[in-house]
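Remarks on the overall topology
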Amino acid sequence: MRGLKVLGALLLLGALLLIGIRLGWLPVAAAWNPWAPLDVQAKPNLLTRFKLARLRDDPQLCDEVLARSGLRTSRQPDSRGDVACPLSNTLRVQGGAVALSSSFLASCPLAVAFALYELHGLQPAAQAVYGQRVARVDHLGSFACRNMYSREKGARSQHASANALDIAGFRLSDGRSISVLQDWPKDSSEGRFLRLARDGACDAFNVVLGPDYNSAHRNHFHLDVGPWWVCR
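Residues numbered from 1 in each chain as written. Predicted model: local features only at pLDDT ≥ 70, side-chain atom pairs only at ≥ 80, totals over all residues. Heavy atoms only, no water.

Overview of the environment of Asn 89
Locating Asn 89 in the fold gives a position in the loop between strand S1 (72-76) and strand S2 (90-95). A residue is classified by how much of its surface remains accessible, and Asn 89, at 6% relative accessible area, is buried. For Asn 89 and Asp 57, which are 32 residues apart along the polypeptide, the C-alpha to C-alpha distance reads 6.9 Å. Apart from residues no more than four positions distant in its own chain, Asn 89 is found in contact with Leu 55, Arg 56, Asp 57, Asp 58, Pro 59, Cys 62, Arg 75, Asp 78, Ala 106, Ser 107 and Cys 108. Among the polar contacts listed, one links the side chain of Asn 89 to the side chain of Arg 75, at a separation of 2.8 Å. (Helix = DSSP H or I, 4+ residues; strand = E, 2+ residues; numbered from the N terminus. Buried < 20%, exposed > 50% of the residue type's maximum accessible area, 1.4 Å probe, protein only. Contact = heavy atoms within 4.5 Å. Polar contact = N/O pair within 3.5 Å; in protein donor to acceptor, adjacent residues only side chain to side chain.)

Side note on the state of the cysteines
This structure, assessed with the given rule, holds 3 disulfides. A sulfur-sulfur separation of 2.1 Å characterises the disulfide bridge that pairs Cys 62 with Cys 108. Measuring the twist about the S-S bond at about 110°, one finds the Cys 62-Cys 108 disulfide to be right-handed. Taken together, the residues Cys 62 in helix H3 (residues 59-66) and Cys 108 in helix H4 (residues 108-130) connect sequence positions 46 residues apart. For the residue pair Cys 62 and Cys 108, the accessibility class agrees, reading buried in each case. A disulfide bridge connects Cys 202 with Cys 231, and the sulfur atoms are separated by 1.7 Å. Measuring the twist about the S-S bond at about 55°, one finds the Cys 202-Cys 231 disulfide to be right-handed. Taken together, the residues Cys 202 in the loop between helix H6 (189-201) and strand S8 (207-209) and Cys 231 in strand S10 (residues 230-231) connect sequence positions 29 residues apart. In the protein, numbering the disulfide-bonded cysteines from first to last in sequence yields the connectivity 1-3, 2-4, 5-6. (Disulfide = S-S within 2.5 Å.)

Comments concerning the pattern of salt bridges
Evaluation of the coordinates by the stated rule reveals 8 salt bridges. Close ionic contact of Asp 63 with Arg 75 constitutes a salt bridge, the shortest N to O distance being 3.0 Å. Of this pair, Asp 63 sits in helix H3 while Arg 75 sits in strand S1, and the two are 12 residues apart along the sequence. The class for Arg 75 is partly exposed, based on a relative accessible area of 35%. Arg 136 is paired through a salt bridge with Asp 138; the nearest N and O atoms lie 2.8 Å apart. Relative accessible area serves as the criterion here: at 25%, Arg 136 is assigned to the partly exposed category. If you follow the salt bridges from partner to partner, you end up with Arg 198, Asp 199 and Asp 212 in one network. (Salt bridge = Lys/Arg side-chain N within 4 Å of Asp/Glu carboxyl O.)

Listed below in structure tokens is the structure:
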């Protein structure tokens, strides 16, 4: 009984603290304020996923965050509600500090997660291994109206809502290309970089799947902002 009372008191205290922060009575740094807009320039922390989720249904907040992200994006019209895979609050990502093999469609959380990854995961990995930047990301696409693993029946893939991106490789500033398919198995600088790049994605995306997960991902990293947390 005493334990329940202590737990209840802690929950009440936590609720009062959140209310105080929400109303501005308790000033805290923006990075630790759940209702402050996500700052892409700040390192991801325990609130990053919550702040990314807030962007899903708030185009105005999405635009505010993207304006400081460094990404070049263009808003896409919402789909009709009667299509198989309707999209809303969706953008076309055209690149930024890092170039893309082609533009891709993205939900707002996916676009912002990509910006976080490029700044805090991908480029630090390249600097650690090669002492230079990644100049281009090669990808296999994002939006695809299909079920998981293209099965006839089953749950929709996160690609069906533009919540996922498949990355196949990278090009460094000196022109060197690194391929997930060819270089992941190697005990080399390329293999080390790819593992750091995969691990660094786990701070920005909810799900990160690579060649260690299964053979379907032998040639790419699957990165998504869906409801599950997996990093393999």
